[in-house]
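What the coordinates show
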Amino acid sequence: MEFNSLTSTYTLANGNKIPCVGFGTWQSEDGDEAYNAVLSALKNGYRHIDTATAYENEESVGRAINDFLRESGLSRSELFITTKLWNADHGYEATKKAIDLSLKKMNLDYLDLYLIHWPNPLKFRDCWEEANAGSWKAMEEAYDEGKLRALGLSNFRQHHIEALEKTAKIAPMVNQLMVCPGQAQRELCEFSRKRGMIIEGYSPMGTGKIFSSEEMQALSKKYGRTIAQICIRWSLQEGAIPLPKSVHEERIIENAKVFDFELEKSDCDLIAGLTGLEIRQNRNPDEAPF
Ligand code: 1BO
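Residues numbered from 1 in each chain as written. Predicted model: local features only at pLDDT ≥ 70, side-chain atom pairs only at ≥ 80, totals over all residues. Heavy atoms only, no water.

1. Notes on the site of the ligand
In the vicinity of the ligand, the contacting residues are Trp26, Tyr55, His117, Trp118 and Tyr202. At a separation of 2.5 Å, an oxygen atom of the ligand approaches a polar side-chain atom of tyrosine 55. Take histidine 117: an N or O atom from its side chain is 2.7 Å from an oxygen atom of the ligand. Relative to its free-state accessible area of 220 Å², the ligand is covered by the protein chains to the extent of 89%. Taken atom by atom, the bulk of the ligand overlaps the second largest pocket. Across the shell around the ligand, the residue classes tally to four nonpolar, one polar and no charged. (Near = heavy atom within 4 Å. Polar contact = N/O pair within 3.5 Å; in protein donor to acceptor, adjacent residues only side chain to side chain. Areas by Shrake-Rupley, 256 points an atom, 1.4 Å probe, with all protein chains shown as cover. 1 Å grid on protein atoms, 1.4 Å probe; cavity = no way out; pocket = protein on both sides within 12 Å on 5 of 7 lines; lining within 4 Å. Sits in = over half its atoms within 2 Å of the grid points. Nonpolar A, V, L, I, M, F, W, Y, C, P; charged D, E, K, R; others polar.)

Rendered as structure tokens:
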């Protein structure tokens, strides 16, 4: 793995670069919490920020990005910003409006990446393929207009991807999945990669009992790193772009120090196969109640 800093990049299928670690904002509360977290991440070297309409913090995230750009003198092109389409807005017309609303809320001229957050919303359960095809068409148009610089998916499984491919003119460039210890989703990651997608991994630390796991504690001792750093490094070595989230500056800084050690392959496999961590269930998108 040739990555050596937060600004190391993967190349997306359209040639655009995407930094190998993103800063996650899921469950960061709109207002001071999300604003301060994103500003702190940017000041500490993160260049890739991930939000979503569903996180209800696009406004604060956008404000932090714009304040940072103004204060730092960096240009917009040095940042990589993602947001996502939420479930109420699937279908062609609603997606067009949702893209414009996200841009307006974030006060940005364009997004580096826009994802369909969930493949099969409850509201569209009997017509999800058609709804996704309509959303994708709207996204392709926004891509052609320069509002979106790359298009992708989140939580899509094989059959959702295959359905989208029937009508897509632009192939999806990213699949953002839950990738954490005990839930490596290696098969789906591999399938997505074969279809030309880069994998992003949300919740790299999972939840539940990661921090009290005896195996993770032993690895932390072996490598002299925190359990969070082991999780993020593992995600990188899995070939995913980890999206660690924190609202504490010391952890935001600590989570970025993952480029000067390497996990042995056998430890990566052990982490992938961990059980009993009581991690939040990786929901089946065809059955989730939203
Ligand atoms: C269902 C939301 C997952 C994190 O983006």
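2. Describing the sheet that holds strand β5 (residues 80-85)
The strand order across the open sheet formed by eight strands is β3-β4-β5-β6-β7-β8-β9-β10, and the pairing between neighbours is parallel. Since the sheet does not close on itself, it has two edges, and those belong to β3 (23-24) and β10 (240-242), each with one partner. Both β5 and strand β6 (residues 113-116) contribute to a ladder of four bridges, which runs parallel. Bridge pairing in β6 links threonine 83 to tyrosine 114. Packed onto the sheet, helix α3 (residues 92-106) meets β5 and β6 and runs at close to 140° relative to β5. (Pairing = 2+ DSSP bridges. Helix = DSSP H or I, 4+ residues; strand = E, 2+ residues; numbered from the N terminus. Contact = heavy atoms within 4.5 Å. Axes fitted to C-alpha atoms, helices over the stretch in contact; angles between N-to-C directions.)

3. Structural notes on the side chain of arginine 76
With respect to the helices and strands, the residue arginine 76 is situated in the loop between α2 (58-72) and β5. Residue arginine 76 is classed as buried on the basis of its relative accessible area of 14%. In this structure the side chain of arginine 76 is engaged in a polar contact, spanning 2.9 Å, whose partner is the backbone oxygen of tyrosine 110. A polar contact is formed between the side chain of arginine 76 and the side chain of aspartate 112, at a distance of 2.8 Å. The residues contacting arginine 76, other than those within four sequence positions of it, are Leu69, Ile81, Leu108, Tyr110, Leu111 and Asp112. (Buried < 20%, exposed > 50% of the residue type's maximum accessible area, 1.4 Å probe, protein only.)

4. Points about the layout of surface pockets
Considered as a void within the structure, the largest pocket measures approximately 440 Å³ in volume. Along its surface, the largest pocket is lined by 27 residues, and Ser203, Met205, Gly206, Lys245 and Ser246 are the ones closest to its centre. A breakdown of the residues in the lining of the largest pocket according to their chemical character gives eleven nonpolar, eleven polar and five charged. Within the lining of the second largest pocket, the residues separate by chemical class into eight nonpolar, four polar and two charged. (Points joined across faces, edges and corners; volume = space filled by probe spheres on them.)

5. A look at the packing of aromatic side chains
Counted under the stated rule, the structure contains seven aromatic pairs. A ring pair is formed by phenylalanine 23 and tyrosine 46, whose centres lie 5.4 Å apart and whose planes are at 70°; its orientation type is edge-to-face. With phenylalanine 23 in strand β3 and tyrosine 46 in the loop between α1 (32-43) and β4 (48-50), this pair connects stretches of sequence that are 23 residues apart. Under the relative-accessibility criterion, tyrosine 46 is labelled buried at 1%. Each ring, one from tryptophan 26 and one from tyrosine 202, has its centre 5.7 Å from the other, and the planes form 90°; the classification is edge-to-face. With tryptophan 26 in the loop between β3 and α1 and tyrosine 202 in strand β9 (residues 198-202), the pair connects residues that are 176 residues apart, well separated along the chain. A residue is classified by how much of its surface remains accessible, and tryptophan 26, at 30% relative accessible area, is partly exposed. (Phe/Tyr/Trp six-rings, centres within 6.5 Å; stacked < 30°, edge-to-face > 60°.)

6. Observations regarding the environment of aspartate 267
Note on placement: aspartate 267 falls in helix α10 (residues 265-272). The buried category is assigned to aspartate 267, whose relative accessible area is 8%. For the pair formed by aspartate 267 and isoleucine 99, sequence separation is 168 residues and the distance between their alpha carbons is 41 Å. At 2.8 Å, the side chain of aspartate 267 forms a polar contact with the side chain of lysine 222. Looking at aspartate 267, its side chain comes within polar contact range of the side chain of tyrosine 223, at 2.5 Å.

7. Regarding the state of the cysteines
A complete count under the given rule lists zero disulfides for this structure. The structure places no disulfide on cysteine 231, whose sulfur is separated from the nearest cysteine sulfur, that of cysteine 180, by 8.0 Å. Since its relative accessible area comes to 0%, cysteine 231 is described here as buried. (Disulfide = S-S within 2.5 Å.)

8. Regarding a negative patch on the surface
Taken together, Glu29, Asp30, Glu33, Glu56 and Glu59 make up a surface patch of like negative charges. Along the chain, the position of glutamate 59 falls in helix α2. (Patch = residues over 30% accessible without salt bridge, like charges linked within 9 Å, V, L, I, M, F, W, Y side chains within 5 Å. Salt bridge = Lys/Arg side-chain N within 4 Å of Asp/Glu carboxyl O. Lys, Arg positive; Asp, Glu negative; His and termini not counted. Charge placed at Lys NZ, Arg CZ, Asp CG, Glu CD.)

Without other data, these values stay purely geometric and don't point to any function.
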